[in-house]
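What the coordinates show
Chain by chain, the residues:
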Amino acid sequence: MDAADRHVLDVVPVGLQVWEATGGALTLRYANEEAKGQMLPSDAGWADTLLDACEAQQAATFELEAPGDEWWRAQITPLGAGSILAAYWNITAQKLHERSLRASERLNREILSGLQEGVVVADTEGRVVVANEAAAVIFGVPLDELTDRTLSAIPVDLLDDRGHLLPTEHLPLVRALRGEEVSDQVVRFVRRDGSLLWVEVHANPLHHDDGQLYGAVASYDDVTARVEQDRRTRHEADTDPLTGLANRRALERTLAAALGRAGARARSVGLLMLDLDGFKAINDTHGHAAGDEALREVARRLSRSVRERDLVARLGGDEFVVVLTDLGGRSGAVRDSLERIQDALAEPIPFAGANLSLGAAVGVATFPADGGNAADLLAHADRAMYAAKGARNGSLR
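Below: a short report on this structure.

Criteria and cut-off values
- Residues numbered from 1 in each chain as written.
- Predicted model: local features only at pLDDT ≥ 70, side-chain atom pairs only at ≥ 80, totals over all residues.
- Heavy atoms only, no water.
- Phe/Tyr/Trp six-rings, centres within 6.5 Å; stacked < 30°, edge-to-face > 60°.
- Helix = DSSP H or I, 4+ residues; strand = E, 2+ residues; numbered from the N terminus.
- Buried < 20%, exposed > 50% of the residue type's maximum accessible area, 1.4 Å probe, protein only.
- Arc of directions from axis to C-beta.
- Contact = heavy atoms within 4.5 Å.
- Patch = residues over 30% accessible without salt bridge, like charges linked within 9 Å, V, L, I, M, F, W, Y side chains within 5 Å.
- Areas by Shrake-Rupley, 256 points an atom, 1.4 Å probe, with all protein chains shown as cover.
- Salt bridge = Lys/Arg side-chain N within 4 Å of Asp/Glu carboxyl O.
- Lys, Arg positive; Asp, Glu negative; His and termini not counted.
- Charge placed at Lys NZ, Arg CZ, Asp CG, Glu CD.

**Focus on the packing of aromatic side chains**
- Counted by the stated rule, this structure contains 5 aromatic pairs.
- Relative to F62, the ring of W46 has its centre 5.6 Å away and its plane inclined at 75 degrees; by these criteria the two rings are edge-to-face. Remark: F62 occurs in strand β3 (residues 60-66) and W46 occurs in helix α3 (residues 44-56); sequence separation between them is 16 residues.
- When its relative accessible area of 4% is taken as the criterion, W46 is described as buried.
- Ring centres of F139 and F189 lie 5.1 Å apart, and the angle between their planes is 70 degrees; this geometry places the pair in the edge-to-face category.

This is how it looks when you write it as structure tokens:
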């Protein structure tokens, strides 16, 4: 190597060494100023590696740990005649960063594994890149079937609170991948084995420091017990405990909603209010158990006499109300329903070897002819019912 070559190599900001192997011995023929000023690897193991490289004359790259917790990348270039050029780059900062990342990833895995909530992270392509064991349990699949899969490939259907399948664009993680923040969305999971869970989902987009979206994260919390308890509580609050029919509270809410829909669609609503004839005699003659069974059977017969979308409610005692929703006209639909109800109630009720007989006085009101709100319709039907009861013929009034 002449002086000009040495001068060029001396100013290169990379540690350079030229090694030569002769007769099984390794000799350093040249080191530039950068190499002389660094604590390069010099242990016996590295010397053996250099000797082997001189003899093999093949290009290679190594990562080496030097004293002082320093890390180097060494690139070997064969020069022929048993010589090699070794170039060294200090990669300590990179190694420390990688070590920090590994520690952070390990910590994140430990944190995620300890969470009771399921956590799923997806990239912008909708592929799951991170998920914890709790998420796998909620989704009902092994963890390895959840990670590194697209959201569409996960065997879980999400339903809304009415049991309708959520469109893909309404899925929490998909919404978050569009930049939306999703909070407290309660959905129903239908898992691969057919089991059902109510799940509360929170989802947020993930952005780089420059604002660019790189993914989304969602948490999943099994709230089945809470939702079912809430539903039981609402059902109990809205249900007559003896007959299982809607009570006055549910009647008023449902009737108001039906009137709102009918008003918007220029439709009508029918209201039948019934007061049973003969109920007191059953109680007095056969006892309260017979009276209770009579009320339950009346509830069943009324429910069978109307459409699924209609409502049957018990106001209390021996008074019932039927709401006929979404009617096109007054006379035909209401009268047909009334006739079915009267026919159903005319059949005796068997109880403990006896046949219990009941009749009913019925008052009718229709929206919008007899009132524009729930209170007016109930009042009109009540007056008509008492008029019919006074006449003792259960006729339509």
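**A word on helix α9 (residues 279-286)**
- Among the residues of α9, F279, I282 and N283 are the ones counted as buried. The arc that holds every buried residue of α9, seen down its axis, measures 95 degrees, which confines them to one face. In this structure, α9 carries K280, D284 and T285 as exposed residues pointing more than 90 degrees from its buried face.
- On its buried side, α9 packs onto β12 (268-277), α10 (288-305) and β16 (354-356).
- Downstream of α9 by one or two residues, G287 has phi in the positive range, about 95 degrees.

**Description of a negative patch on the surface**
- A cluster of acidic residues, D43, D48, D52 and E55, forms a negative patch on the protein surface.
- You can see D43 is positioned in the loop between α2 (33-36) and α3.
- When its relative accessible area of 43% is taken as the criterion, D43 is described as partly exposed.

**Details of the pattern of salt bridges**
- All chains considered together, the criterion is met by 23 salt bridges.
- Note that D238 is salt-bridged to R249, the shortest N-O span being 2.2 Å. Note that D238 is positioned in helix α7 (residues 224-238) and R249 in helix α8 (residues 248-265), a separation of 11 residues in sequence.
- With a relative accessible area of 14%, D238 lands in the buried category.
- A residue is classified by how much of its surface remains accessible, and R249, at 48% relative accessible area, is partly exposed.
- For R267, the salt bridge identified is with D326, shortest N-O distance 2.9 Å. Of this pair, R267 sits in the loop between α8 and β12 while D326 sits in strand β14 (residues 319-327); the two residues are 59 residues apart in sequence, bridging distant segments of the chain.
- One continuous salt-bridge network, built from bridges that share partners, spans E293, R296, E297, R300, R301 and R304.

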